[in-house]
Amino acid sequence: DVKVTQSSRYLVKRTGEKVFLECVQDMDHENMFWYRQDPGLGLRLIYFSYDVKMKEKGDIPEGYSVSREKKERFSLILESASTNQTSMYLCASRRGGAGETQYFGPGTRLLVL
Amino acid sequence: GQQLNQSPQSMFIQEGEDVSMNCTSSSIFNTWLWYKQEPGEGPVLLIALYKAGELTSNGRLTAQFGITRKDSFLNISASIPSDVGIYFCAGRESNFGNEKLTFGTGTRLTIIP
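Since we're looking at a predicted model, the values are computed, not measured.

A.B. asks: Please provide a residue-by-residue account of the overall build of chain B, values included.
C.D. replies: Per the secondary structure count, chain B includes zero helices and eleven strands. The order of α-helices and β-strands along chain B, N terminus first, is β-β-β-β-β-β-β-β-β-β-β. For chain B, the spread of C-alpha atoms along the three principal axes comes to 40 × 25 × 20 Å. Looking at chain B as a whole, 46% of its 113 residues qualify as buried. Sequence-distant contacts, at least 24 apart, represent 55% of the contacts inside chain B between residues at least 6 apart. Looking at chain B as shown, the accessible area adds up to about 5,200 Å², and 52% of this sits on carbon and sulfur atoms. If the 8 positive side-chain charges of chain B are averaged to one point and the 10 negative ones to another, these points end up 8 Å apart.

Okay, structure coming up:
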């Protein structure tokens, strides 16, 4: 059974804190993605990675960074959390090349106070 | 980044009714996808479309790739309680799997018993 897991389902942090969101996939997928989901805005791509140590900016990268040191793990980092980063964060992975099935994790709901 | 306009934003229907939703884009897409997100979970792929005019079914779900390549439609026939969730369209300008997706704003489906 394919699986994308995210380290936390719910997280509460204070403004200015450094926040790490971890994502692990067990399918040996090359491509991994971080999205944020907000009501009325759908899913917006923050960053993605095609391979280990590779990263590319998505549509809304400001205020975020990522790390992919191992193929199975893709981390999203909020260097200094702000209240406007309160959101649902979704990680996804997909194998390289053709093929549509992008597997999503269950999401991390982050509240920044 | 580009966003897709998806309508309606929400639907309240009775069990057994048919459902229709659509997605429009200002630019041409060569791939259209439909996802469903159930409460507390990440989105799951329902249907993938690759050709203008294509009509594809998955059980009670039918999706169409618009002739203009700027829109797509999803229909659900004879709705049942487990159809509840948020439905997202997603599009890609190329037919190549590695290019990133643009997601719609979502349609929240609620079924009244």
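Right, picking up where we left off after that structure.
A.B. asks: Give me the environment of A:Asp59: which residues, what numbers.
C.D. replies: Residue position: A:Asp59 is located in the loop between strand S6 (56–57) and strand S7 (65–70). Distance in space between the C-alpha atoms of A:Asp59 and A:Arg44 is 6.7 Å, their sequence separation being 15 residues.

A.B. asks: Any chance you could break down the sheet that holds strand S8 (residues 71–76) of chain B for me, citing the residues and the numbers?
C.D. replies: Residues and elements named next belong to chain B. Reading across the sheet, the five strands line up as S1-S3-S8-S7-S6 and stay open at both edges, with antiparallel pairing between neighbours. Each end of this open sheet is capped by a strand with a single partner; those strands are strand S1 (5–7) and strand S6 (55–58). With strand direction ignored, the average angle separating the axes of adjacent strands in the sheet is 15°. By the bridge criterion, four bridges tie S6 to strand S7 (residues 61–65) in an arrangement that is antiparallel. Counted as the bridge partner of Ser57 is Thr62 from S7.

A.B. asks: Describe in detail the pattern of salt bridges, supporting the description with residues and values.
C.D. replies: Enumeration according to the criterion identifies nine salt bridges over all chains in this entry. Across the pair B:Glu38 and B:Lys36 runs a salt bridge whose closest N-O atoms are separated by 3.1 Å. Two residues, B:Arg60 and B:Asp83, come together in a salt bridge whose shortest N-O distance is 2.8 Å. Taken together, the residues span a long stretch of sequence, with B:Arg60 in the loop between S6 and S7 and B:Asp83 in the loop between S8 and strand S9 (85–92) at a distance of 23 residues. B:Arg60 sits in the partly exposed class, given a relative accessible area of 27%. The structure contains a network of salt bridges with shared partners spanning A:Asp28, A:Glu30 and A:Lys71.

A.B. asks: Give a detailed account of the sheet that holds strand S1 (residues 4–6) of chain A, specifying residues and quantitative values.
C.D. replies: All names here are of chain A. Taking strand neighbours across the sheet as the criterion, the four strands line up as S1-S3-S8-S7 in an open arrangement whose pairing is antiparallel. The outermost strands of the open sheet, each flanked by one partner alone, are S1 and S7. Adjacent strand axes in the sheet meet at a mean angle of 20° when their direction is disregarded.

A.B. asks: Can you lay out the packing of aromatic side chains for me, pointing to particular residues and giving the numbers?
C.D. replies: Tallied over the full model, the rule gives ten aromatic pairs over all chains. Ring geometry for B:Phe29 versus B:Trp32: centroids 5.2 Å apart, planes at 65°, classification edge-to-face. Across the pair, exposure class does not vary: B:Phe29 and B:Trp32 are buried alike. Taken together, the ring pairs connect A:Phe33, A:Tyr35, A:Phe48, A:Tyr50, A:Phe104, B:Tyr35 and B:Phe103 into an aromatic cluster.

A.B. asks: Give a detailed account of the state of the cysteines, specifying residues and quantitative values.
C.D. replies: Cysteine pairs can be covalently joined through their sulfur atoms, and such a bond is termed a disulfide. Following the criterion strictly, the structure yields two disulfides over all chains and no others. In this model A:Cys23 forms its disulfide with A:Cys91; the gap between the sulfur atoms is 1.9 Å. Its torsion about the S-S bond being -75°, the disulfide of A:Cys23 and A:Cys91 is classed as left-handed. Of this pair, A:Cys23 sits in strand S3 (residues 19–25) while A:Cys91 sits in strand S9 (residues 87–94), placing them 68 residues apart in sequence. Each member of the pair, A:Cys23 as well as A:Cys91, carries the same accessibility label: buried. Shown here is the disulfide that connects B:Cys23 with B:Cys89, its sulfur atoms set 1.7 Å apart. Taken together, the residues B:Cys23 in strand S3 (residues 19–24) and B:Cys89 in strand S9 connect sequence positions 66 residues apart.

A.B. asks: Explain the environment of B:Leu101 to me, and be specific about the residues and the numbers.
C.D. replies: Position of B:Leu101 relative to the elements: it lies in the loop between S9 and strand S10 (102–103). Between the alpha carbons of B:Leu101 and B:Thr31 there is a distance of 9.2 Å; along the sequence they are 70 residues apart. With near-sequence residues (within four places) excluded, B:Leu101 lies in contact with A:Gln102, B:Leu33, B:Tyr35, B:Ala90, B:Gly91 and B:Arg92.

The rules behind these values
- Position numbers for residues count from 1 along each chain, tracking the sequence in the order it is written.
- The order in which chains are written sets their letters, starting at A; the order in which ligands are written sets their numbers, starting at 1.
- Given that the model is predicted, a residue must reach a pLDDT of at least 70 before its local features are reported, and side-chain atom pairs must reach 80 or more before they are shown or counted; all residues, however, enter totals for whole chains, interfaces and linings.
- Side-chain numbers here rest on the full set of heavy atoms in the structure, without hydrogens or water.
- Runs of H or I in DSSP of at least four residues are treated as helices and runs of E of at least two as strands, each being numbered from the N terminus.
- For every residue, the accessible area (1.4 Å probe, protein chains only) is compared with the maximum for its type, and the residue is labelled buried under 20%, exposed over 50%, or partly exposed between those bounds.
- It only takes one pair of heavy atoms within 4.5 Å for two residues to be counted as in contact.
- Every accessible area reported is derived by Shrake-Rupley at a probe size of 1.4 Å, with residue values counting cover from the shown protein chains alone.
- Neither His nor the chain termini are counted; the positive set is Lys and Arg, and the negative set is Asp and Glu.
- The atoms used to mark charge sites are NZ of Lys, CZ of Arg, CG of Asp and CD of Glu.
- At least two bridges found by DSSP between two strands is the condition for calling them paired.
- Angles shown run from 0 to 180 degrees and are taken between the N-to-C directions of axes, each axis being a line fitted to C-alpha atoms and, for helices, limited to the stretch in contact.
- Any Lys or Arg side-chain nitrogen found within 4 Å of a carboxyl oxygen on Asp or Glu counts as a salt bridge.
- Any two rings among Phe, Tyr and Trp, with Trp reduced to its six-membered ring, count as a pair given centres within 6.5 Å; such a pair is stacked if its planes are under 30 degrees apart, edge-to-face if over 60, and tilted if neither.
- Disulfide: a pair of cysteine sulfur atoms within 2.5 Å of each other.

The analysis is restricted to geometry; functional conclusions fall outside its scope.
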